[in-house]
Amino acid sequence: DRDKLFQKWFQDTLFFTAAAPPTGGRSEVTPRFTRHFNVMCVPPAADASVALIFNSILKGFQQKGWSDEVKKLTDGIVQGTIDVYNRISTELLPTPARFHYLFNLRDISKVFQGLLMSSYRKVNSVEGFGRLWIHEISRVFYDRLINTIDQAWFENLVNEIQGKSIGASFDMKEIFNEKPIMFVEFLKPGMEPEDRFYEEAKDVAQIRKILDDSLFDYNSEFPTQMNLVFFTDAIKHIVRVSRLLRQPRGNAMLIGVGGSGRQSTTRMAAFIGGMDLVGVVIVRGYGLIEFREDVKQFMIKAGVEGKPTVFLFTESQIVVE
């Protein structure tokens, strides 16, 4: 005991520890420390095992209602997703400037979680499902990239893989710049969240009109007014956050300079999704006790009362559903 300076003895205690390879700021574990443990190495799953898992998931999802042409894309899409993950995890390594370039198998599962949000009623062609796949890998991997150099690298990677994955040849310049792919579930306002379809918005002007109407409704309902201009980048951000909030256990860390619109983007996405928003207001004397109380009230509202709720922690811009 370092305070009272006497020795403590622990009996019948087992320690289980987990360690990752010494990259991305993690220090190397010394032999002096590991000598106290029975060390077991858990290597990454083989590509064949990962492909089998997600092939089974996607084929099971497409059993009813999907066209044969779309079903034939399953093997290529699974392998293409694995190829993107392998390339980006080995070539775009984390640095102090891009500390969040950490990729694992959860990223692959998030791609397929997005694919499983679709419906054969709205996406049932080779081109449509191919665009959906490019959209999902872009939301999982592309949105994490911090500069134009890394983004151009990703665009070239998708351009290289798309042919053998979906047998198509989309114009990368058009997809990532001129006419970005945007799948949303609020094209038909007024519908209950469970009745909405995850579908592609062909026209940015259509989304802008929906957001303008939603902003008018928001300002009519809440005393705190928001005066927003929905330019293309702002629309993209709202669509991205809306997609995450629609997913089970969806969450996001929004990284950017102050005043870049992260909080307004989240408020609009939550309002469009029919969700309540619980925020943390940092005031003098706000500490751990107050933070835990805010979290408790959020848990009661979301878990006990069963209301779809977004928790917005504005200090570090962490959004958790």
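Reading guide: rules and limits
- Residues numbered from 1 in each chain as written.
- Predicted model: local features only at pLDDT ≥ 70, side-chain atom pairs only at ≥ 80, totals over all residues.
- Heavy atoms only, no water.
- Helix = DSSP H or I, 4+ residues; strand = E, 2+ residues; numbered from the N terminus.
- Buried < 20%, exposed > 50% of the residue type's maximum accessible area, 1.4 Å probe, protein only.
- Contact = heavy atoms within 4.5 Å.
- Areas by Shrake-Rupley, 256 points an atom, 1.4 Å probe, with all protein chains shown as cover.
- Lys, Arg positive; Asp, Glu negative; His and termini not counted.
- Charge placed at Lys NZ, Arg CZ, Asp CG, Glu CD.
- Expected span 1.5 Å × (residues − 1).
- Patch = residues over 30% accessible without salt bridge, like charges linked within 9 Å, V, L, I, M, F, W, Y side chains within 5 Å.
- Salt bridge = Lys/Arg side-chain N within 4 Å of Asp/Glu carboxyl O.
- pLDDT = per-residue confidence, 0-100.
- Core = buried A, V, L, I, M, F, W, Y, C linked by side-chain atoms within 4.5 Å.
- Phe/Tyr/Trp six-rings, centres within 6.5 Å; stacked < 30°, edge-to-face > 60°.
- Pairing = 2+ DSSP bridges.
- Right-handed = clockwise from strand over helix to strand, strands pointing away.

Thoughts on the overall build of the protein chain
Then comes step 1: In terms of regular secondary structure, the protein chain is built from twelve helices and six strands.
Then comes step 2: Once the C-alpha set of the protein chain is aligned to its principal axes, its extents read approximately 70 × 55 × 40 Å.
Then comes step 3: Across the 321 residues of the protein chain, 38% fall into the buried class.
Then comes step 4: Sequence separation of at least 24 residues holds for 66% of the intrachain contacts in the protein chain that already meet a minimum separation of 6.
Then comes step 5: Here the protein chain displays about 19,800 Å² of accessible surface, and carbon together with sulfur accounts for 55% of that area.
Then comes step 6: The averaged location of the 39 negative side-chain charges in the protein chain is 3 Å from the averaged location of its 39 positive side-chain charges.

What to know about helix H4 (residues 74–91)
Then comes step 1: Helix length check: H4, at 18 residues, gives a terminal C-alpha distance of 26 Å against a target of 26 Å (1.5 Å per residue), a fit within 8%.
Then comes step 2: Among the residues making up H4, those that are buried are Thr74, Gly76, Ile77, Val78, Gly80, Thr81, Ile82, Asp83, Val84, Tyr85 and Ile88.
Then comes step 3: Turning to H4, the residues buried within the fold contact helix H2 (47–61), helix H3 (68–71), helix H5 (105–115), helix H6 (126–140) and helix H7 (148–166).

Some words on unusual backbone geometry
Then comes step 1: Positive phi values are uncommon outside glycine, yet aspartate 12 reaches one of about 55°.
Then comes step 2: Examined against the element boundaries, aspartate 12 turns out to sit in the segment before helix H1 (31–34).
Then comes step 3: Positive phi, normally seen in glycine, also occurs at arginine 249, with a value near 60°.
Then comes step 4: Mapped onto the secondary structure, arginine 249 falls in the loop between helix H10 (232–246) and strand S3 (251–253).

A word on a nonpolar patch on the surface
Then comes step 1: Together, Ile53, Ile57 and Leu116 give the surface a local cluster of nonpolar side chains, amounting to about 230 Å² of exposed area.
Then comes step 2: Tracing the backbone shows isoleucine 53 in helix H2.

Some thoughts on the confidence of the model for the protein chain
Detailed reading of the predicted coordinates is not advisable wherever pLDDT is low.
Then comes step 1: For the protein chain, per-residue confidence averages 85 on the pLDDT scale, and residues scoring 70 or more make up 96% of the total.
Then comes step 2: Between residues 316–321, whose pLDDT stays under 50, and residues either more than four places distant or in other chains, the model counts 31 contacts.

With respect to the nonpolar core
Then comes step 1: Counting residues in each nonpolar core, the largest one holds 44 residues, and the members touching the most others are Ile77, Phe112, Phe129, Trp133, Phe141 and Phe154.
Then comes step 2: Look past the residues within four positions of isoleucine 77 in its chain and what remains in contact with it is Leu58, Phe112, Leu115, Phe129, Trp133, Ser165 and Ile166.
Then comes step 3: Counting 26 residues, the second-largest nonpolar core is a separate cluster that includes Leu187, Ala252, Ala270 and Val310.

Regarding the packing of aromatic side chains
Then comes step 1: Throughout the structure, instances matching the rule amount to 14 aromatic pairs.
Then comes step 2: A ring pair is formed by tyrosine 101 and phenylalanine 103, whose centres lie 6.3 Å apart and whose planes are at 50°; its orientation type is tilted. Here tyrosine 101 matches phenylalanine 103 in class, with each residue buried.
Then comes step 3: Between the aromatic rings of tyrosine 218 and phenylalanine 271, the centroid separation amounts to 5.4 Å while the plane-to-plane angle is 90°, which identifies the pairing as edge-to-face. Residue tyrosine 218 is located in helix H9 (residues 204–221), and its partner phenylalanine 271 is located in helix H11 (residues 262–272); the two are separated by 53 residues in the primary sequence.
Then comes step 4: Among the residues examined, tyrosine 218 registers a relative accessible area of 7% and is labelled buried.
Then comes step 5: Members of the aromatic cluster, each reached through a chain of ring pairs, are Phe61, Trp66, Tyr120 and Phe129.

A few points about the pairing of strand S4 (residues 276–279)
Then comes step 1: Across four bridges, the pairing between S4 and strand S5 (residues 309–313) is parallel. Residue pairing across strands places aspartate 276 opposite threonine 309, the latter belonging to S5.
Then comes step 2: On the question of chirality, the crossover connecting S4 to the parallel S5 by way of helix H12 (residues 288–304) is right-handed.

A word on the pattern of salt bridges
Charged atoms that come close allow side chains of opposite charge to pair.
Then comes step 1: Per the counting criterion, the structure on display carries 18 salt bridges.
Then comes step 2: Between aspartate 1 and lysine 8 there is a salt bridge, with the nearest N and O atoms lying 3.3 Å from each other.
Then comes step 3: Measuring nitrogen to oxygen at the nearest pair gives 3.9 Å for the salt bridge that ties lysine 164 to aspartate 83. Here lysine 164, found in helix H7, pairs with aspartate 83, found in helix H4; they are 81 residues apart in sequence, far enough to count as distant.
Then comes step 4: Accessibility expressed as a relative area gives 61% for lysine 164, which makes it exposed.
Then comes step 5: Take aspartate 83: its relative accessible area is 17%, and that puts it in the buried class.

Describing the side chain of threonine 74
Then comes step 1: With respect to the helices, strands and loops of the structure, threonine 74 is situated in helix H4.
Then comes step 2: A residue is classified by how much of its surface remains accessible, and threonine 74, at 1% relative accessible area, is buried.
Then comes step 3: Sequence-distant contacts of threonine 74, defined by excluding residues within four places in its chain, comprise Asn55, Leu58, Lys59 and Gln62.

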